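Listed below are the residues making up each chain.
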Amino acid sequence: MMNYITIIIGLGICSLASCATQKESIANRKETESVSLAEGQIKSLREYPIKIKFNGISEDSRCPEGVNCIWSGVAVAEIEIAEKATKPTIIKLATIDLQDRGYQRTANTNGYTISLQDIAPYPNKEQGTQTLRGNYKISVIVQKTVK
């Protein structure tokens, strides 16, 4: 009879410890939100009290499809982040990380991490990048920075 009581108490302690670990894991989990924007578009986020505006592409030197290039090139998106209590911040995110040229895929601002996922459309050899102006779309991931 004593062995059963010991087993029951042991199982109770293990399940309480498991609950505490799950609560810590949920509390430390970072929520992310994926946002897709067309040039000039502004979106309010569901998860966070910020607005994101895609101002446009400041550079697009990506190697067009169907062309052999020395390097793959880069596209840089200009994004504006605004919170109620702060002045809007402009960040530039690139399709590649290249520190010596100042290109970065991810930036931290106002307690958020914003990561560029994609810039579309991709240039082709017939049209180049000039006809893409005004037609770009980006996809970014926004995440609250955990301190």
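Provided above is the structure to which this section pertains.
A brief report on the enclosed structure follows. Note that this is a predicted model, so its numbers are computed, not measured.

Let's shift gears to the nonpolar core. The biggest cluster of nonpolar side chains holds 24 residues, and the ones touching the most others in it are Ile52, Ile79, Ile114, Ile119, Ile138, Val140 and Val142. When residues of this core are traced back to their parent elements, those giving at least two are strand E1 (32-38), strand E3 (50-60), strand E4 (75-83), strand E5 (89-94), strand E7 (112-120) and strand E8 (137-144). Setting aside residues no more than four positions away along its own chain, valine 142 makes contact with Glu31, Thr32, Glu33, Val35, Leu45, Tyr48, Ile50, Ile52, Tyr112, Thr113 and Ile114.

Turning next to unusual backbone geometry. In this model, alanine 120 is joined to proline 121 through a cis peptide bond whose omega is -5°. Mapped onto the fold, proline 121 is located in the loop between E7 and E8. Positive phi, close to 50°, is recorded for asparagine 110, a residue that is not glycine. Mapping asparagine 110 onto the fold places it in the loop between strand E6 (106-109) and E7. Judged by its relative accessible area of 31%, asparagine 110 falls in the partly exposed class.

This part covers the state of the cysteines. One pass over the full model with this rule turns up one disulfide. Bridging cysteine 63 to cysteine 69, the disulfide has an S-S length of 1.9 Å. With the S-S bond torsion at 80°, the cross-link from cysteine 63 to cysteine 69 turns out right-handed. By relative accessible area, which is 37% here, cysteine 69 ends up partly exposed.

Thresholds applied
Residues numbered from 1 in each chain as written. Predicted model: local features only at pLDDT ≥ 70, side-chain atom pairs only at ≥ 80, totals over all residues. Heavy atoms only, no water. Core = buried A, V, L, I, M, F, W, Y, C linked by side-chain atoms within 4.5 Å. Buried < 20%, exposed > 50% of the residue type's maximum accessible area, 1.4 Å probe, protein only. Helix = DSSP H or I, 4+ residues; strand = E, 2+ residues; numbered from the N terminus. Contact = heavy atoms within 4.5 Å. Disulfide = S-S within 2.5 Å.

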